[in-house]
Amino acid sequence: MKIAVIGTGYVGLVTGTCFANMGNTVWCVDVDKQKIDNLKQGIIPIYEPGLSAMVEDNYRQGHLHFTTRIEEALEACNICFIAVGTPMGEDGSADLKYVLGVAESIGKYMSHHMYVVDKSTVPVGTAVKVRSRIQEELDKRESDLTFDVISNPEFLKEGSAISDCMKPDRIVIGVDSEDAEETMRELYKPYLMDTDNFIIMDIASAEMTKYAANSMLATKISFINEIANICERVGADVNKVRRGIGSDKRIGYSFIYPGCGYGGSCFPKDVSALIKTAGEYGYETRLLKSVEQVNVAQKQVMVTKVKQRFGEDLSGKIIAVWGLAFKPDTDDMRESAAITIIQMLTGLGASVQAYDPKAMEEAKLCYLKGNDHVVYCESKYDALKGADALMLITEWKEFRSPDFYEIRERLKTPVIFDGRNQYNRRSVEKYGFEYYQIGVKTSVEAMA
């Protein structure tokens, strides 16, 4: 099939490349000429395991094309995916200006029946707005061309997006015509060889499904962090509690790991957008507002532990930080807990020596730009030199089994703040460390 994907960000590039890898001919479109030129040269704007090689292979074989001209892509294709960003507005709503801008362009340049697929995460009612904007442009042209608008939310996880795309656990399709349904069945048939989890529903329900899914996962994270904070106060161990409740199949272990709070491009934005959408319909989302509030507070928990250990004034203190990305296997720092934590630490007078396998350039150029109290190190052990403490923020694999003798040797004082509860407390303390976790009192705290 011949497919246009508008937007070469995370969702658009992964989606377009995976479609091409299944033998489809795909045109990826973006207004950013430099990005398109880079993609033609094999320069990928994001880090995602396996993506670079897949892009290069499919571009070389002629399955994948890159262009800034949407009219070129629309002329060649009859399925057009909208995969542009929907950034959070100042009021928490999803900003649809890029989605509706693409819809306008489709109406201007389409020359035959078009299946327009909303892949971007958009609030309920967006398909109606997309349909209206396309029709407005067709009316200006006095054209009688027809089109379908389809909702097909993405469920990609950064760090495993290729696998999620090639072997999806479900495909959700929102349609209002049998023709559109059959077209999407044909498109996704190669992905359904091992599963029949192709879920057809109305468009509004499909739009709602993505927000409901991400809000549920965010709720689980805030729930376990709330439990962790209670555990710490009553003398329980959240790691043991997690195992106790996770063994219940109705609950499970997924997304009940205590930590510094959720981040990334999806959960914060989608929870906020769903709260805003509900408010527009006169409903107050008390639960989701609490999920947000818990998450904001959770990003400050590790800084509170640092202040309890070293005092309110951190002038002269050096904190080694392992991990900047919001999760492992990505360079994405959007809404990362590391941003809040590092800005708070340096605001209290501390210096930070940071290391992340992939996200340091993002930090330098964007999220921590201008913070002169942050030094970026070439390795995890380099970050420890002369530091008063180590803080783990992102649970990259290379941090899972470190050399604790090496850590102790390089640190000025043997103190570890573990924001992801990665290590066994007794194992760490036998090396002589003061070890601070989330939801567990240290031996030092217990004696205080």
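These numbers were taken from a predicted model, which means no experiment stands behind them.

A.B. asks: How would you sum up the overall build of the protein chain? Please name residues and give values.
C.D. replies: When helices and strands are counted, the protein chain shows 18 helices and 14 strands. The C-alpha radius of gyration computed for the protein chain amounts to 24 Å, which stays within 12% of the reference 22 Å derived for 448 residues, consistent with globular compactness. Excluding contacts between residues fewer than 6 apart, the proportion of contacts in the protein chain whose partners are at least 24 apart in sequence is 73%. Carbon and sulfur atoms make up 49% of the accessible area of the protein chain, which totals about 20,200 Å².

A.B. asks: Can you lay out the sheet that holds strand S10 (residues 351–355) for me, pointing to particular residues and giving the numbers?
C.D. replies: A sheet is described by the order of its strands in space; here 6 strands give the open sequence S11-S10-S9-S12-S13-S14, paired in parallel fashion. Whereas interior strands pair on both sides, the edge strands pair on one side only; in this sheet they are strand S11 (374–376) and strand S14 (434–436). Taking each pair of neighbouring strands and ignoring which way they run, the sheet shows an average axis angle of 20°. Direction of pairing for strand S12 (residues 389–392) relative to strand S13 (residues 415–418): parallel, over a ladder of 3 bridges. Paired with Met391 across the two strands is Phe417, which belongs to S13. Of the strands in this sheet, strand S9 (318–322), S10, S11 and S12 are in contact with helix H14 (residues 337–347), which crosses S10 at around 155°.

A.B. asks: Tell me about the side chain of Glu154, and name the residues and values.
C.D. replies: Along the chain, Glu154 falls in the loop between strand S6 (147–151) and helix H7 (161–166). On the basis of relative accessibility, which here comes to 5%, the residue Glu154 falls in the buried class. A distance of 2.9 Å separates a polar side-chain atom of Glu154 from the backbone nitrogen of Leu156. Engagement of the side chain of Glu154 in a polar contact is seen with the side chain of Lys210, the distance being 2.8 Å.

A.B. asks: Describe the side chain of Ser215, with residues and values.
C.D. replies: Among the secondary structure elements, Ser215 is positioned in helix H9 (residues 203–234). For Ser215, the contacting residues outside a window of four places in its chain are Asp270, Val271, Leu274 and Leu288.

A.B. asks: Could you give me a rundown of the nonpolar core, with the residues and numbers involved?
C.D. replies: A general feature of soluble globular proteins is that nonpolar side chains tend to end up buried together. Of all hydrophobic cores here, the largest spans 59 residues; its most connected members are Trp322, Leu324, Ile341, Leu345, Met391, Ile407 and Phe417. Take this core: its biggest share by element is 6 residues, from H14. Setting aside residues up to four positions removed in sequence, Phe417 forms contacts with Met302, Lys305, Val306, Arg309, Phe310, Ala389, Leu390, Met391, Leu392 and Tyr436. By size, the runner-up hydrophobic cluster in this structure holds 40 residues, among which are Ile79, Phe81, Tyr115 and Ile162.

A.B. asks: Account for the environment of Val238, with residues named and values stated.
C.D. replies: Take Val238: it is sitting in helix H10 (residues 238–246). Along the backbone, Val238 and Thr277 are 39 residues apart, and their C-alpha atoms lie at a distance of 34 Å. For Val238, the residues in contact, after removing those within four places along its chain, are Ile224, Ile227, Ala228, Cys231, Pro258, Asn421, Ile438, Gly439 and Val440.

A.B. asks: Summarise unusual backbone geometry; cite the residues concerned and give the values.
C.D. replies: What is expected of a backbone is that most residues other than glycine have negative phi and most peptide bonds are trans. Phi angles above zero are rare outside glycine, and Glu142 is one such case at about 55°. Assignment of secondary structure puts Glu142 in the loop between helix H6 (126–140) and S6. Of note, the phi angle at Asp329 is positive, near 65°, even though the residue is not glycine. Counting through the fold element by element, Asp329 comes out in the loop between S9 and H14.

A.B. asks: So what's going on with the packing of H9 against H10? Residues and values would help.
C.D. replies: Relative to each other, H9 and H10 sit at 135°, their axes nearing to 9 Å. The orientation of H9 relative to H10 falls into the category oblique. In the crossing of H9 with H10, the sense of the turn from one axis to the other is right-handed. Residues Phe223, Ile224, Ile227, Ala228 and Cys231 of H9 pack against Val238, Val241 and Ile245 of H10. Of the residues belonging to the contact of H9 with H10, the class tally is 8 nonpolar, no polar and no charged.

A.B. asks: Could you give an account of helix H8 (residues 178–188), with specific residues and numbers?
C.D. replies: Residues of H8 that are buried: Ala180, Glu181, Thr183, Met184, Leu187 and Tyr188. Each buried residue of H8 sits inside an arc of 165° when the element is viewed along its axis, so together they form one side. Within H8, the exposed residues directed more than 90 degrees away from the buried face are Glu178 and Glu186.

A.B. asks: Quick one: what's the story with the packing of aromatic side chains, residue by residue and with numbers?
C.D. replies: This model, assessed by the stated rule, comprises 17 aromatic pairs. Aromatic ring contacts, followed pair by pair, group Phe404, Tyr405, Tyr423, Tyr431, Phe433 and Tyr435 into a single cluster. Sitting over the ring of Phe155, Arg170 keeps its end group 3.7 Å from the ring centre. The positively charged end of Arg309 is found above the aromatic ring belonging to Phe310, 4.7 Å away from the centroid.

The rules we used
Residues numbered from 1 in each chain as written. Predicted model: local features only at pLDDT ≥ 70, side-chain atom pairs only at ≥ 80, totals over all residues. Heavy atoms only, no water. Helix = DSSP H or I, 4+ residues; strand = E, 2+ residues; numbered from the N terminus. Rg over C-alpha atoms; globule rule 2.2 N^0.38 Å. Contact = heavy atoms within 4.5 Å. Areas by Shrake-Rupley, 256 points an atom, 1.4 Å probe, with all protein chains shown as cover. Pairing = 2+ DSSP bridges. Axes fitted to C-alpha atoms, helices over the stretch in contact; angles between N-to-C directions. Buried < 20%, exposed > 50% of the residue type's maximum accessible area, 1.4 Å probe, protein only. Polar contact = N/O pair within 3.5 Å; in protein donor to acceptor, adjacent residues only side chain to side chain. Core = buried A, V, L, I, M, F, W, Y, C linked by side-chain atoms within 4.5 Å. Parallel < 35°, antiparallel > 145°, perpendicular 65-115°, else oblique. Left-handed = near helix turned anticlockwise from the far one by under 90°. Nonpolar A, V, L, I, M, F, W, Y, C, P; charged D, E, K, R; others polar. Arc of directions from axis to C-beta. Phe/Tyr/Trp six-rings, centres within 6.5 Å; stacked < 30°, edge-to-face > 60°. Lys NZ or Arg CZ within 6 Å of the ring centre and 35° of its normal.

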